[in-house]
Amino acid sequence: MTDVWDVLVVGGGPAGAAAALRAKQLRPGAAVLLLDRDDFPRDKACGDGIAAHGRDELGLLGLPDLIADYRPTQRLSVISPGGVRVSARVARPNHVVPRMVFDARLVEAARARGVVVRRHRVRSLTSQDGRVVVDGELTARSVVAADGAHSTLRRLLGARPTPERHTAIAVRGYADMPDDEDAQLIAMQRAGWPAYAWAFPIGDGTANVGFGMLLPTLHATGLPGRQVLHGRLAELLPHLPARDLRAHHLPLSPGRPKPGVGKVLFAGDAASLINPLTGEGIYYALLSGRLAGEAAVLSAGDPLTAYRRRLRAALGRHLLTTDVLARAAQSPGFIDAAIATAARRPEVFDLLVEVGLGAGTVPAPLAAAVVSRWIRTNLGARG
Ligand SMILES: Cc1cc2nc3c(=O)[nH]c(=O)nc-3n(C[C@H](O)[C@H](O)[C@H](O)COP(=O)(O)OP(=O)(O)OC[C@H]3O[C@@H](n4cnc5c(N)ncnc54)[C@H](O)[C@@H]3O)c2cc1C
């Protein structure tokens, strides 16, 4: 029985599993405990889209083939709020893997690497002699809080929750779709913008379909959430009737995430690391979890300083970019201009994918080209 855990991870989603896997990869002798309130496999409301960048992270965690049995998706079609369409081959394929499968595989890989996995819902945190005590019974040198969008640990530590204006809500379901369909579809909606529906074929005769919007916009309708979310999904994808509908909040990145408090490091949704332009969070969860696991074992004396530095080096400029773009994207005309530019220039399409699904930033000349197109279109519309 371990008296003091080197790393205690709360949450067995992609962020928590990555933290535990990385800690054991770097220090095989470390005592690493992974707690989750659920047993795995468990479902998680998600679009199940795993960007190529997420696959890179799996490679870094020593699991390059974890999802190799799922078919890569080669094409992406986007319809802008004003109806501008772009459909192109992506530079690097994405994958769609149900979270019921993906998360269970990650947790199983962690267990196989020597991580102790237990079902346990964390309710309290205290500190004693420079260590963290969880629920009065489990002591750790450092803790990774990877407990998702409604992070209990974040609340217990007094860190502010993600403000409502930076929070989205989305519903996902599954629909029948021919096996040979391999284009991911994103259909944006002008009403209640920013809002969009998606259809992500899995390759097994089904697709993950869903619809998401900002929480304040949903509240402004004055209607029950289910009615709005289910209704808009059915309206935007009438040919893909969905079953197993399930909704969840998305804490969007506000640009500068809070990396933790004391010896507790926030990762994934608990750190509000969801791309505000696309709602993508799995890559950022894997990346931040990996960096938190690294800091916890390599800089045990002051893991927070090490983690902050690593996170800033990996994502600092990208998060500022998406924050600025998300503000500009409040105007649907800006997105129309960006998609219209991407439809004419393949390198812009690739760059938008990098910014929306990876760690990309926008070079100044391109930003200027999109803004000038946006202004010309606006002036044209007014004139
Ligand atoms: C509808 C929807 C669609 C989305 N689509 C996509 C997509 O297609 N691609 C993409 O990249 N991202 C998508 N996202 C975002 C993505 O789902 C999240 O960013 C991702 O799940 C974050 O991983 P995580 O490990 O931080 O948290 P989670 O996956 O939420 O895992 C948190 C874990 O913590 C556990 N937990 C919580 N509280 C406690 C506690 N007190 N004690 C112990 N355990 C606890 C939970 O049981 C859970 O297993 C979508 C989100 C939504 C809601």
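Residues numbered from 1 in each chain as written. Predicted model: local features only at pLDDT ≥ 70, side-chain atom pairs only at ≥ 80, totals over all residues. Heavy atoms only, no water.

Named according to an unreviewed UniProt entry, the protein is Geranylgeranyl reductase family protein originating from Nonomuraea dietziae.

Focus: the overall build of the protein
When its secondary structure is counted, the protein shows eleven helices and 16 strands. Here the C-alpha radius of gyration of the protein, 21 Å, is about what a compact globule of 383 residues would show, namely 21 Å. Principal-axis analysis of the C-alpha atoms gives the protein an extent of 70 × 40 × 40 Å. Buried positions account for 54% of the 383 residues belonging to the protein. Considering only residue pairs separated by 6 or more positions, the protein has 73% of its internal contacts joining residues 24 or more positions apart. Of the roughly 16300 Å² of accessible surface on the protein, 53% is carried by carbon and sulfur atoms. Positive and negative side-chain charges of the protein, numbering 47 and 35 respectively, have mean locations separated by a distance of 7 Å. (Helix = DSSP H or I, 4+ residues; strand = E, 2+ residues; numbered from the N terminus. Rg over C-alpha atoms; globule rule 2.2 N^0.38 Å. Buried < 20%, exposed > 50% of the residue type's maximum accessible area, 1.4 Å probe, protein only. Contact = heavy atoms within 4.5 Å. Areas by Shrake-Rupley, 256 points an atom, 1.4 Å probe, with all protein chains shown as cover. Lys, Arg positive; Asp, Glu negative; His and termini not counted. Charge placed at Lys NZ, Arg CZ, Asp CG, Glu CD.)

Things to note about the domain arrangement of the protein
Entries for the protein in the domain assignment read domain 1 (5-72 + 97-162 + 253-320), domain 2 (164-251) and domain 3 (329-380). On a C-alpha basis, the centres of domain 1 and domain 3 stand 32 Å from each other. With twelve residues of domain 1 in contact, the opposing surface of domain 3 contributes nine residues. Approximately 790 Å² of surface area, both sides summed, lies buried where domain 1 meets domain 3, with 60% of it carried by carbon and sulfur atoms. (Domains from an automatic or database assignment. Buried area = accessible area lost by both parts, 1.4 Å probe.)

Things to note about unusual backbone geometry
Cis rather than trans, the peptide bond between Phe40 and Pro41 has omega equal to 0°. As for its position among the elements, Pro41 is in the loop between β2 (32-36) and β3 (49-50). The residue after Trp193, namely Pro194, is reached through a cis peptide bond having omega 0°. Positive phi, close to 55°, is recorded for Asp244, a residue that is not glycine.

Section: the UniProt feature "domain: FAD-binding" (unreviewed entry) in the protein
Per the UniProt annotation, the sites labelled "domain: FAD-binding" (unreviewed entry) are residues 6-164. Annotated as residues 6-164, this span is 26% helix and 32% strand, and its ends, taken at the C-alpha atoms, are 35 Å apart. (UniProt positions renumbered as here; feature names shortened; annotations may be inferred.)

Concerning the side chain of Thr162
On the secondary structure map, Thr162 appears in the loop between α4 (152-156) and β10 (167-176). There is a polar contact of 2.6 Å between the side chain of Thr162 and the side chain of Ser272. (Polar contact = N/O pair within 3.5 Å; in protein donor to acceptor, adjacent residues only side chain to side chain.)

Regarding the nonpolar core
The biggest cluster of nonpolar side chains holds 106 residues, and the ones touching the most others in it are Leu8, Phe102, Leu106 and Val143. The greatest single-element share of this core, amounting to eleven residues, is contributed by helix α7 (residues 282-298). The contacts of Leu106, once residues within four sequence positions are left out, are Pro14, Ala17, Leu21, Leu58, Leu63, Leu66 and Leu286. In terms of nonpolar packing, the next biggest core, distinct from the first, is built from 18 residues, Phe211, Leu218, Leu229 and Leu240 among them. (Core = buried A, V, L, I, M, F, W, Y, C linked by side-chain atoms within 4.5 Å.)

Some words on the pairing of strand β8 (residues 131-134)
Alignment of strand β7 (residues 125-128) against β8, held across four bridges, turns out to be antiparallel. Considered in β8, the bridge of Thr126 is made with Val133. Here β7 folds back onto β8, and the loop between the two strands holds two residues, one of which, Asp129, carries a positive phi near 50°. Counting the residues that bridge the hairpin from β8 to strand β9 (residues 138-145) gives three residues, and of these Asp135 lies at a positive phi of roughly 55°. (Pairing = 2+ DSSP bridges.)

Regarding the sheet that holds β3
Reading across from one edge, β3-β5-β4-β11-β12-β13-β10-β14 is the order of the eight strands in this open sheet, with mixed pairing throughout. Looking at the sheet topology across the chains shown, the edges are occupied by β3 and β14 (243-251). Strand direction decides the pairing type here: β10 and strand β13 (residues 206-214), joined by nine bridges, are antiparallel. Bridged to Ala175 within β13 is Ala207. Each of β10, β11 (183-188), β12 (195-201), β13 and β14 touches helix α6 (residues 225-236); the most contacted strand, β13, lies at about 125° to it. (Axes fitted to C-alpha atoms, helices over the stretch in contact; angles between N-to-C directions.)

Observations concerning the packing of helix α2 (residues 52-60) against α7
The geometry of α2 relative to α7 is characterised by a closest axis approach of 8 Å and an angle of 30° between their N-to-C directions. Taken together, the axis directions place α2 and α7 in an arrangement best described as roughly parallel. Helix-helix and strand crossings are classified by hand; for α2 and α7 the assignment is left-handed. Two secondary-structure elements touch here, α2 through His53, Gly54, Glu57, Leu58 and Leu60 and α7 through Tyr283, Leu286, Leu287 and Arg290. For the contact of α2 with α7, a count of residues per class yields five nonpolar, two polar and two charged. (Parallel < 35°, antiparallel > 145°, perpendicular 65-115°, else oblique. Left-handed = near helix turned anticlockwise from the far one by under 90°. Nonpolar A, V, L, I, M, F, W, Y, C, P; charged D, E, K, R; others polar.)

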